[in-house]
Amino acid sequence: MSSYVIGVSGGIGSGKTTVTDCFKQFDIDVIDADVVARQVVEPGTQGLQAITEKFGPQILDKQGELNRSQLRQLIFSNAEHKNWLNNLLHPAIRTEMAKQIQDAKSSYCLLSVPLLIENKLYEMVDRVLIVDVSESQQLARTILRDKSNTEQIQAIMKSQATREQRLAFADDVIDNNGPTENLQQQVSLLHHRYLDLAKNKTS
Ligand code: ADP
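None of the values given here were measured: they were computed from a predicted structure. (Residues numbered from 1 in each chain as written. Predicted model: local features only at pLDDT ≥ 70, side-chain atom pairs only at ≥ 80, totals over all residues. Heavy atoms only, no water.)

Side note on the overall build of the chain
Put simply, the rule is: Only runs of H or I of at least four residues qualify as helices and only runs of E of at least two qualify as strands under DSSP, and these elements are numbered from the N terminus. Atoms counted for the radius of gyration: C-alpha only. Globule rule: 2.2 Å times residue count to the power 0.38. Accessible area is worked out with a 1.4 Å probe on protein chains only. A residue is then buried under 20% of its type maximum, exposed over 50%, and partly exposed in between. Whether two residues touch is decided by their heavy atoms; if any such pair falls within 4.5 Å, the residues are in contact. The Shrake-Rupley method, run with a 1.4 Å probe sphere, supplies the accessible areas, and residue values consider only the shown protein chains as cover. Two residue types count as positive, namely Lys and Arg, and two as negative, namely Asp and Glu; His and chain ends fall outside the count. Just so you know, the charge point we use is NZ for Lys, CZ for Arg, CG for Asp and CD for Glu.
Scanning the chain for helices and strands turns up nine helices and five strands. Secondary structure elements in the chain, listed N-terminal to C-terminal, are β-α-β-α-α-α-α-β-β-α-α-α-β-α. A compact globule built from 203 residues would reach a C-alpha radius of gyration of about 17 Å, and the chain, at 18 Å, matches this within 12%. Principal-axis analysis of the C-alpha atoms places the extent of the chain at approximately 50 × 40 × 30 Å. In the chain, which comprises 203 residues, the proportion classed as buried is 40%. Sequence-distant contacts, at least 24 apart, represent 74% of the contacts inside the chain between residues at least 6 apart. Taken as a whole, the chain presents about 11,500 Å² of accessible surface, with 50% of it coming from carbon and sulfur. Computing the positive centroid from 22 side-chain charges and the negative centroid from 25, the chain places the two 2 Å apart.

Focus: the domain arrangement of the chain
Condition: Domain start and end points were adopted from an automatic or database domain assignment. Accessible area, probed at 1.4 Å, shrinks when two parts are joined; the buried area is that loss added up over both. We define a salt bridge as a contact between a side-chain nitrogen of Lys or Arg and a carboxyl oxygen of Asp or Glu at a distance within 4 Å. In protein, a polar contact requires one atom able to donate a hydrogen and another able to accept it; more generally it is a pair of N or O atoms within 3.5 Å, and residues adjacent in sequence count only if both atoms are side-chain atoms. Under the grouping applied here, Gly and all other residues not named as nonpolar or charged are polar, the nonpolar ones being Ala, Val, Leu, Ile, Met, Phe, Trp, Tyr, Cys and Pro and the charged ones Asp, Glu, Lys and Arg.
According to the domain assignment, the chain consists of domain 1 (1–28 + 107–203) and domain 2 (35–105). For domain 1 and domain 2, the distance between their C-alpha centres works out to 25 Å. With 11 residues of domain 1 in contact, the opposing surface of domain 2 contributes eight residues. Note on domain 1 versus domain 2: buried area summed over both sides is about 840 Å², and carbon and sulfur give 68% of it. When residues of domain 1 are sorted by the area they lose upon contact with domain 2, Met1, Leu111 and Met124 head the list and together hold 53% of the total. Across the contact surface, domain 1 and domain 2 share zero salt bridges. At the junction of domain 1 with domain 2, the criterion picks out zero residue pairs in polar contact (both at pLDDT 80 or more). For the side of domain 1 that touches domain 2, the class distribution of residues is seven nonpolar, three polar and one charged.

So, the environment of Asp29
Note on placement: Asp29 falls in strand β2 (residues 29–32). Sequence-wise, Asp29 and Arg141 are 112 residues apart; in three dimensions their C-alpha atoms are separated by 26 Å. Contacts of Asp29, omitting those with residues within four sequence positions, involve Ala104, Lys105, Ser106, Tyr108, Cys109 and Leu110. From its side chain, Asp29 meets the backbone nitrogen of Lys105 in a polar contact 2.6 Å long.

Topic: the site of the ligand
Stated formally: Here a residue is near a molecule or strand as soon as one of its heavy atoms is found within 4 Å of it.
Taken together, 13 residues lie near the ligand, and Lys16, Thr17, Thr18, Arg145 and Asn176 sit nearest. At a separation of 2.8 Å, a nitrogen atom of the ligand approaches a polar side-chain atom of Asn176. Between the ligand and the protein, one listed contact pairs a nitrogen atom with a backbone N or O atom of Gly178 at 2.8 Å. Alone, the ligand offers 560 Å² of accessible surface; in the complex the protein occludes 75% of this. Those elements that provide at least two residues to the shell around the ligand are α1 (16–24) and α6 (135–146). Considering each element in turn, the shell around the ligand owes the most residues, three residues, to α1. When grouped by side-chain class, the residues that make up the shell around the ligand number one nonpolar, nine polar and three charged.

A short note on the nonpolar core
The cut-off we apply is this: Buried Ala, Val, Leu, Ile, Met, Phe, Trp, Tyr and Cys residues form a nonpolar core when they are joined through side-chain atoms within 4.5 Å.
Residues Ile51, Met97 and Leu111 are the most contacted members of the largest nonpolar core, which totals 29 residues. Broken down by element, the residue count for this core peaks at five residues, all from helix α5 (residues 79–103). Lining this core are residues from two domains, each supplying at least three of them: domain 1 (1–28 + 107–203) and domain 2 (35–105). Of all hydrophobic cores here, the second largest spans 17 residues; its members include Ile6, Leu110, Leu190 and Tyr194.

Quick word on the state of the cysteines
Keep this limit in mind: To count as a disulfide, a pair of cysteine sulfur atoms needs to be within 2.5 Å.
On inspection of all chains with the given rule, the structure shows zero disulfides. Counting only cysteine sulfurs, Cys109 is the nearest neighbor of Cys22, a cysteine outside any disulfide, at a range of 17 Å. Take Cys109: its relative accessible area is 0%, and that puts it in the buried class.

Considering the packing of helix α3 (residues 46–55) against α5
For clarity, the cut-off: Axes, fitted as lines to C-alpha atoms, cover a helix only where it is in contact. Angles between the N-to-C directions of the axes lie from 0 to 180 degrees. Any angle between 65 and 115 degrees counts as roughly perpendicular, while under 35 counts as roughly parallel, over 145 as roughly antiparallel, and the rest as oblique. By the definition used in this description, the sense in which the near helix is turned from the far one sets the handedness, with an anticlockwise turn below a right angle giving left-handed and a clockwise turn giving right-handed.
The contact between α3 and α5 brings their axes to 11 Å, and the two run at 160°. Taken together, α3 and α5 sit at an angle that is classed as roughly antiparallel. In terms of crossing hand, the pair formed by α3 and α5 is right-handed. From α3, Gly47, Ala50, Ile51, Lys54 and Phe55 reach across to α5, where they touch His81, Trp84, Leu85 and Leu88. Along the lines of polarity and charge, the residues of the contact of α3 with α5 split into six nonpolar, two polar and one charged.

In structure tokens, the structure reads:
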């Protein structure tokens, strides 16, 4: 098990995945909340079983997998359904993230969570690393990546914590306003700091 857990967060399109990919080059284990959120509703999970019992088998596609767009539609206009789903998924995601932290082998690991601040998941980590970017860069990069329109991305940004709210929780900050080449050196410095912190925690 990794003795030290770094929570990585940042708004949509801030560069969390790009940054955690840099840490992976140092063989650091990365637990990604977006991946875990999909794993807890894979076929055969208690999560998918509960959803199927609640909404009926028509919530599954032909392959027996969760039909996400249908589920999104179902909860979009129904606050009760939305609460029910959150009450099911949030604890399941938390439990699975804790399990993957237990299974992590590197001397420290990263827990990448888009809503780390909003959902108070910083309680699960030893230290918080925020990937920081200006709102204009965030918008431009996300539009390019997701091929969605400005309004859609702005609505998501509005539903998330502000840059200032996130930075208030930061122990470390990566500045991702420059080109991706600027990330390597920042990551390398942090990597060595985290190795020391992990070593001091266990000694
Ligand atoms: P997140 O995981 O926080 O949503 P990503 O790492 O996917 O963000 O980055 C969003 C998009 O911006 C991706 O297409 C990524 O390749 C690109 N990107 C990330 N950092 C930079 C950068 N410094 N310069 C240019 N593009 C970047």
